[in-house]
Amino acid sequence: MTTVDTAMSKPADRTAALQRPALAPSGGGLWRRSYGAPLASIAVAVVVLIAWQYLPPMLGVPKYIIPRVSDLCLEMVRLWNHENLLRHFISTASMSVLGFVLGGLLGAVFGYALGLLPTWEKVLSPYILALQIAPKVAFAPLFILWFGYNAWPKLIVTILVVFFPILVNVLQAMRIMDRDLVNLARAYNMSKTKIFIKVMLPFSMPNLLAGLRIGATLAVIGITVGELVGGEIGLGYLISFGQGQANTAMVFDAIGLLTVIGIVMYWAVTAVESRVLHYLPKAAGAPPAKP
Amino acid sequence: MLGTSTVLELRDVARRFPGRSAGAPPFTAVRNLSFHVGEGEFVSVVGPSGCGKSTLLNLIAGLDRPSEGTVYLHGAEVTGPNSSVGFMLQKDLLLPWRTVLHNVEFGLEARDMPAAERRERALAELKRCRLTEFADRYPYQISGGQRQRAALARTLAISPDVVLLDEPFSALDAQTKLVLQKSFAETIAGSNLTTLLITHDLSEAVAMSDRILVMSDGPGRIVEEIDVGLPDRDNPIARVSRPRASEIVKHLFDALHLGERADA
């Protein structure tokens, strides 16, 4: 019952917001809608942080199991001053972005190629499915055996992890392609290259960007696993190092920073998405991009 | 009233498709199709659903080749997509990521034409279809009727010799449909365009065309040809109010055996 209610009230809210965008709200309903939720989110964060700081000591949980928030901050400063945190952070961030870009490019290229060559898609689809299901991060030790303790294993794991959601999404767009749109372009005597660039590519954009959004979050996972398994640099390495030292605060800090990298990458893709897909009617209800 | 020269001609055209399963007999969509459309003439094709109207359209647009017979355009055989044929479907097929203006330019982009000239022609076409003020809107921002007019503007922008309309009004509500039929009729009459309209709406066929071809199904062939012979081709609303128009509709109704059909 509740789900039905929310589903039905959503479009109505959207229309209402569209119809009076700049008007001063009557009764403060609109105000509460735009500022209420973020304020509540911040309040939740404050409550959780306070509980985290004071609850474990009260319950007698030792610091090496759950370090307090203040310990995390102190450890962060120590990491910055003595452990070259910036270097680790930049290494992980740049490798994540690189892996994401390469994996995304490869996934898109293969997705379009297989979409244009249905016979090949049929031949390869069982293997694509198998590889898609296989846990790609489990290949990391194998890549270390093959390529040694350098940047390649984690980069390849990341590329593999990012590759599939993007491939599958692009392929999906090519499958649901509006044949009539393609026929229209053909009837105008358009060359195949032009049809691809002017019809197929823009048509697949929503899917490509959805794939990229998933890929952005997976890239951080790929890099982290690569760093955990082998290497001397990166936040994943700090996690494994901190674990060896029983330095729980260090592990928590590294996890926090990894999450930050993931969030920033996800946010960057969504920003691009709202720019590129501005022509979709539902964009009106999405968080507004800067005009 | 009609131009003397033949623009479009079909001679004994048949189109068969392979059977669904191996060994199944081929499916004949249309056969023995022969007709011609003169310059500036407006011809409608009516028939039950599944009588091969869309196959006919694809054959003329050059998207498909006949199994037998030949399609001629200005006396030359149609062997592939031809930029002198414009076609328009029930779906407006506007590209959602383009503005109305850029959508109208779409057909011209297949040609080597300077961007400025393309823009100029698209704007002229928008003006003719009374859409100038919507040039910078995206398809989702305009109404269904406006979208169909934009699709017509795109179709006309390539200056086609023949315009193929495949049920362009059937997705619209009754009032929009009447207004749009009038708007299309004015535009088409004003440009002396050769037009082939495929429709299942009998009164629409009578209101808009010079000649009506009645198709029957299984496989599709032409069973009757009716000369409408009414004035006011540019004003369908005035035309359908004439008694002779309802006579023709009644006749078509009988010709298609609509009264006896139980399936739809």
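In this text, all values refer to a predicted model and were calculated from it rather than measured experimentally.

S.K.: How should the overall build of chain A be read in this particular structure?
M.R.: Each helix and strand in chain A was counted, giving 11 helices and 0 strands. Ordered by position from N to C terminus, the α and β elements of chain A give α-α-α-α-α-α-α-α-α-α-α. Here the contacts in chain A between residues at least 6 apart in sequence split such that 72% fall between residues at least 24 apart. Entry remark: accessible area of chain A is about 17,000 Å², with carbon and sulfur atoms responsible for 72%.

S.K.: Mind showing me how you'd approach the interface of chain A and chain B here?
M.R.: In many analyses, interface size is given as the accessible surface area lost on bringing the parts together. At the interface, 20 residues of chain A touch 23 residues of chain B. Here chain A and chain B share an interface that buries about 2,100 Å² over both sides, 66% of which is from carbon and sulfur atoms. Where chain A touches chain B, the interface holds 3 salt bridges. In terms of residue class, the side of chain A that touches chain B is built from 12 nonpolar, 3 polar and 5 charged.

S.K.: I keep staring at the packing of helix 9 (residues 192–229) of chain A against helix 10 (residues 235–244) of chain A and nothing clicks. Help me out?
M.R.: Helix-helix packing is described using two parameters, namely the angle between the two axes and the distance between the axes. Residues and elements named next belong to chain A. Closest axis-to-axis distance for the helix 9/helix 10 pair is 7 Å, and the angle between their directions is 45 degrees. In this view, helix 9 runs oblique relative to helix 10, as classed from their interaxial angle. In the packing of helix 9 onto helix 10, the handedness of the crossing is right-handed. Touching Thr224, Glu227 and Leu228 of helix 9 are Leu235, Gly236, Tyr237, Ile239 and Ser240, all from helix 10. Here the residues of the contact of helix 9 with helix 10 sort into 4 nonpolar, 3 polar and 1 charged.

S.K.: Would you explain the pattern of salt bridges in this entry?
M.R.: Opposite charge on two side chains permits them to pair, given that their charged atoms come into close proximity. A full pass over the atoms with the stated rule returns 27 salt bridges over all chains. Asp71(A) is paired through a salt bridge with Arg68(A); the nearest N and O atoms lie 3.6 Å apart. Overall, the relative accessible area of 13% leaves Asp71(A) in the buried class. Using a relative accessible area of 26% as the deciding quantity, one classes Arg68(A) as partly exposed. Here Lys198(A) ties to Glu109(B) by a salt bridge, and the two come within 2.6 Å at their closest N and O atoms. Taken together, the residues span two chains, with Lys198(A) in helix 9 and Glu109(B) in the loop between helix 2 (100–105) and helix 3 (115–128). The exposure class assigned to Glu109(B) is buried, which follows from its relative accessible area of 6%.

S.K.: I would appreciate a short explanation of the sheet that holds strand 6 (residues 85–88) of chain B in the present structure.
M.R.: Strand pairing within a sheet occurs via backbone hydrogen bonds; the two strands may be parallel or antiparallel. Residues and elements named next belong to chain B. Spatially, 6-7-8-3-9-10 is the arrangement adopted by the 6 strands of the open sheet, whose pairing is mixed. Whereas interior strands pair on both sides, the edge strands pair on one side only; in this sheet they are strand 6 and strand 10 (221–227). Each adjacent strand pair in this sheet contributes to an overall mean axis angle of 20 degrees, direction not counted. Looking at chain direction, strand 3 (residues 42–46) and strand 8 (residues 194–199) are connected through 5 bridges and run parallel. Across the sheet, residue Val46 finds its bridge partner in strand 8, namely Thr199. Sheet strands touched by helix 4 (residues 144–157): strand 6 and strand 7 (162–166). Its angle to strand 6, the strand with the most contacts, is close to 170 degrees. Along the sheet, helix 8 (residues 243–255) contacts strand 3, strand 9 (211–216) and strand 10; its crossing angle with strand 10, the most-contacted strand, is approximately 165 degrees.

S.K.: Can you walk me through the domain arrangement of chain B in this structure?
M.R.: Residue and element names in this part refer to chain B. Once the domains are mapped, chain B shows domain 1 (6–84 + 162–260) and domain 2 (93–159). Taking only C-alpha atoms, the centre of domain 1 and the centre of domain 2 are 25 Å apart. Carbon and sulfur atoms make up 67% of the surface buried where domain 1 meets domain 2, a total of about 970 Å² over both sides. Looking at the side of domain 1 facing domain 2, the largest losses of area belong to Ser83, Phe184 and Thr187, adding up to 38% of the total buried there. Across the contact surface, domain 1 and domain 2 share 0 salt bridges. Connecting domain 1 to domain 2 are 3 residue pairs in polar contact (both at pLDDT 80 or more). The leading source of residues in the side of domain 1 that touches domain 2 is helix 5 (residues 174–190), at 6 residues. Grouping the amino acids of the side of domain 1 that touches domain 2 by side-chain chemistry returns 6 nonpolar, 5 polar and 1 charged.

S.K.: Teacher, can you tell me more about the confidence of the model for chain A here?
M.R.: Do not read the fine detail of predicted coordinates wherever pLDDT is low. Residues and elements named next belong to chain A. Per-residue confidence for chain A averages 86 on the pLDDT scale, and 85% of its residues sit at or above 70. Mean pLDDT per element in chain A: helix 1 (residues 2–19) is the minimum at 40, and helix 4 (residues 85–116) is the maximum at 96. Confidence drops under pLDDT 50 across residues 1–28; counting only partners more than four residues distant or on other chains, this segment forms 7 contacts. Overall, residues 283–291 carries pLDDT values under 50, and its contacts beyond four positions in sequence, including any with other chains, amount to 6 contacts.

S.K.: What exactly am I supposed to notice about the environment of Ala246(A) here?
M.R.: Within the secondary structure, Ala246(A) sits in the loop between helix 10 and helix 11 (248–276). Expressed as a C-alpha distance, the spacing of Ala246(A) and Leu49(A), which sit 197 residues apart in the sequence, is 22 Å.

S.K.: So what exactly am I meant to see when it comes to unusual backbone geometry here?
M.R.: Apart from glycine, the bulk of residues carry a negative phi angle, and the bulk of peptide bonds sit in the trans form. Residues and elements named next belong to chain B. Here the phi dihedral of His74 falls at roughly 50 degrees; this positive angle occurs in a residue that is not glycine. Mapped onto the elements of the fold, His74 is located in the loop between strand 4 (68–73) and strand 5 (76–77). For His74, a relative accessible area of 48% corresponds to the partly exposed category.

S.K.: Even after reading the chapter, I still don't get the sheet that holds strand 2 (residues 27–38) of chain B, so can you show me in this structure?
M.R.: All names here are of chain B. The strand order across the open sheet built from 4 strands is 2-1-4-5, with neighbouring strands paired in antiparallel fashion. Here the strands that pair on one side only, and so sit at the sheet edges, are strand 2 and strand 5. Note that strand 1 (residues 6–17) and strand 4 share 5 bridges and pair antiparallel. Paired with Ala14 across the strands is Glu68, a residue of strand 4. Across the sheet, helix 1 (residues 53–61) is in contact with strand 1, strand 2 and strand 4; its angle to strand 1 comes to roughly 120 degrees.

Parameters and conventions
- Residues numbered from 1 in each chain as written.
- Chains lettered and ligands numbered in written order.
- Predicted model: local features only at pLDDT ≥ 70, side-chain atom pairs only at ≥ 80, totals over all residues.
- Heavy atoms only, no water.
- Helix = DSSP H or I, 4+ residues; strand = E, 2+ residues; numbered from the N terminus.
- Contact = heavy atoms within 4.5 Å.
- Areas by Shrake-Rupley, 256 points an atom, 1.4 Å probe, with all protein chains shown as cover.
- Buried area = accessible area lost by both parts, 1.4 Å probe.
- Salt bridge = Lys/Arg side-chain N within 4 Å of Asp/Glu carboxyl O.
- Nonpolar A, V, L, I, M, F, W, Y, C, P; charged D, E, K, R; others polar.
- Axes fitted to C-alpha atoms, helices over the stretch in contact; angles between N-to-C directions.
- Parallel < 35°, antiparallel > 145°, perpendicular 65-115°, else oblique.
- Left-handed = near helix turned anticlockwise from the far one by under 90°.
- Buried < 20%, exposed > 50% of the residue type's maximum accessible area, 1.4 Å probe, protein only.
- Pairing = 2+ DSSP bridges.
- Domains from an automatic or database assignment.
- Polar contact = N/O pair within 3.5 Å; in protein donor to acceptor, adjacent residues only side chain to side chain.
- pLDDT = per-residue confidence, 0-100.

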